[in-house]
Amino acid sequence: MDRGKGRQPNPVGIEASLVYHSGMRNALDLETVRLSDDGRSVIILDQTLLPGKAEYRELRTPEEIWTAIKNLQVRGAPAIGVAAACGVAAVMQQENGSFEEASRRFSAVKAYLETARPTAYNLFWALDRMEKVLKGQTDTAGLKKALIREAEAIRSEDIAISRSIGELGFSLLRHGDGILTHCNAGSLATAKYGTALAPVYIALEHGWNDIRVYCDETRPLLQGARLTAFEMQSAGIDTTLICDSMASYVMKKGLVDIVIVGCDRVAANGDAANKIGTSGVAVLAHHYGIPFFVAAPSSTIDMSISSGAEIPVEERSPEEVTEMWYSHRMAPEGVKVLNPAFDVTDSSLITGIITERGIAYPPFGEAFMEMLSGGM
Ligand code: MRU
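Just so it is clear, the model here is predicted, and its values are computed rather than measured.

Caption draft 1: Quick peek at the overall build of the chain. When its secondary structure is counted, the chain shows 11 helices and 16 strands. The C-alpha atoms of the chain give 20 Å as radius of gyration, which agrees with the globular expectation for 376 residues (21 Å, within 12%). By residue count, 57% of the 376 residues in the chain fall in the buried class. The contacts in the chain between residues at least 6 apart in sequence include a share of 75% that link residues at least 24 apart. Entry remark: accessible area of the chain is about 15100 Å², with carbon and sulfur atoms responsible for 54%. With 36 positive and 47 negative side-chain charges, the chain shows a spacing of 3 Å between the two charge centroids.

Caption draft 2: Looking closely at the pattern of salt bridges. Applying the stated rule across the entire model yields 23 salt bridges. Counted as one network, the salt bridges with shared partners bring together E31, R34, D37 and R155.

Caption draft 3: Geometry of the environment of V344. Mapping V344 onto the fold places it in strand 14 (residues 342–345). Placed 228 residues apart in sequence, V344 and A116 show a C-alpha to C-alpha distance of 20 Å. In contact with V344, not counting residues within four places along its chain, are D271, A272, A273, S279, G308 and I311.

Caption draft 4: Up close: the site of the ligand. Around the ligand, 17 residues are found, and the nearest of them are R75, R117, D264, N274 and K275. Measuring from an oxygen atom of the ligand, one finds a side-chain N or O atom of R75 at 2.8 Å. With respect to the ligand, the backbone of G76 contributes an N or O atom lying 3.0 Å from an oxygen atom. Across the complex, the protein chains shield 100% of the 420 Å² of accessible surface that the ligand would expose by itself. In this structure, the ligand is accommodated by the largest cavity. Breaking the shell around the ligand down by element, the ones donating at least two residues are helix 2 (77–92) and strand 11 (272–275). Of the residues contributing to the shell around the ligand, the split by class is seven nonpolar, six polar and four charged. Split by domain, the shell around the ligand shows at least three residues from each of two domains, domain 1 (15–161) and domain 2 (174–372).

Caption draft 5: The pairing of strand 12 (residues 292–295), seen in detail. A two-sided burial pattern is seen for strand 12, the buried positions comprising F292 and V294 on one face and F293 and A295 on the other. Pairing analysis gives three bridges linking strand 9 (residues 258–261) to strand 12, with the strands arranged parallel. The partner of I260 across the bridge, within strand 12, is F293. Here strand 12 pairs with strand 15 (residues 352–355) via three bridges, running parallel. Across the sheet, residue F293 finds its bridge partner in strand 15, namely G352.

Caption draft 6: Main features of unusual backbone geometry. Following R219, the chain continues into P220 via a peptide bond in cis, with omega recorded as 0 degrees. Tracing the backbone through its elements, the reader meets P220 in the loop between strand 7 (212–216) and helix 7 (223–234). Note that the residue after P362, namely P363, is joined by a cis bond; omega there is -5 degrees. Mapped onto the elements of the fold, P363 is located in the loop between strand 16 (358–360) and helix 11 (364–372). Although it is not a glycine, L72 adopts a positive phi angle of roughly 65 degrees. Note that L72 resides in the loop between helix 1 (62–70) and helix 2. For T218, which is not a glycine, the phi torsion comes out positive at approximately 75 degrees. Looking at where T218 falls in the secondary structure, it is placed in the loop between strand 7 and helix 7.

The rules we used
Residues numbered from 1 in each chain as written. Predicted model: local features only at pLDDT ≥ 70, side-chain atom pairs only at ≥ 80, totals over all residues. Heavy atoms only, no water. Helix = DSSP H or I, 4+ residues; strand = E, 2+ residues; numbered from the N terminus. Rg over C-alpha atoms; globule rule 2.2 N^0.38 Å. Buried < 20%, exposed > 50% of the residue type's maximum accessible area, 1.4 Å probe, protein only. Contact = heavy atoms within 4.5 Å. Areas by Shrake-Rupley, 256 points an atom, 1.4 Å probe, with all protein chains shown as cover. Lys, Arg positive; Asp, Glu negative; His and termini not counted. Charge placed at Lys NZ, Arg CZ, Asp CG, Glu CD. Salt bridge = Lys/Arg side-chain N within 4 Å of Asp/Glu carboxyl O. Near = heavy atom within 4 Å. Polar contact = N/O pair within 3.5 Å; in protein donor to acceptor, adjacent residues only side chain to side chain. 1 Å grid on protein atoms, 1.4 Å probe; cavity = no way out; pocket = protein on both sides within 12 Å on 5 of 7 lines; lining within 4 Å. Sits in = over half its atoms within 2 Å of the grid points. Nonpolar A, V, L, I, M, F, W, Y, C, P; charged D, E, K, R; others polar. Domains from an automatic or database assignment. Pairing = 2+ DSSP bridges.

Dropping the structure here:
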């Protein structure tokens, strides 16, 4: 079990060592999310403070876990799933009543955490998987232990899955490639390694030092500027930050050989929801003839919906657009603001979807059936 024991600084309990300047460390060494050693709380790296500060938070109550997910202190589809799984396991450690009472408490906490964010399928997948643990149990003590085991398994599997995605994605890379990515689908968005950025980490392990990464800044919450640019630069990658509106410029100049993005939910036909702005990047890549890949664990595929039209898209507060990050408001008072957090890229624009089970190519429906039935 990897709980980061022996790592310095210890994220819990020693106030003075909670904060350090993130520029001093490779982001890959920062643990995104894990259970505390006693299993009674969840430890998350507060991503809202990056890249200036790497600071951990200890979450104990359902409300604290819900708020950390809602406010993007822990974010990125796989990391949200791991946080929810660890969260429900930790909260349940406080239960000492009958098995029936504990089961009712589990259902209430699960239903509550599911309301934190609507788009990332991994949140629902992870909580459903935790719920299955109840079936094999008859007493509260056994249930508590089994929930911890399952949450630890979800977390460690996420690390292994991300590495597999990285290795498969690496097979698509050529020396000297320029990779454009949107939002953050790196180590910080998962338990480790990431999805879209995992191939870059694998390339580094192979001694490749000629990969270039273009990071879209990703308005309005700047996950590309704050997180991806930090991750890639701190890993020693040739990293260039661009505003979202500059993607066409760098593509036209021939600087981008491949686009790789993460994903929050894939429909059965291959339509893929990711951070707002992704579908525009896909349209541009199509225009310039650049391959556009989506990288995601197979648990991101929602076979219950036939197309992306059914993916619920989160809408967030207007202030994220009008004033957040600015020293004063940058839009007229009272102006109408639209702030969808995600958009859906049409499957016709996607070259392939890299999962831990293989790379799916169109027609995606058939590829997913084969992949999920174990054929790939
Ligand atoms: O709002 P966020 O920061 O949670 O959005 C994250 C993304 O859009 C990621 O690209 C996606 O979750 C994939 S993470 C491997």
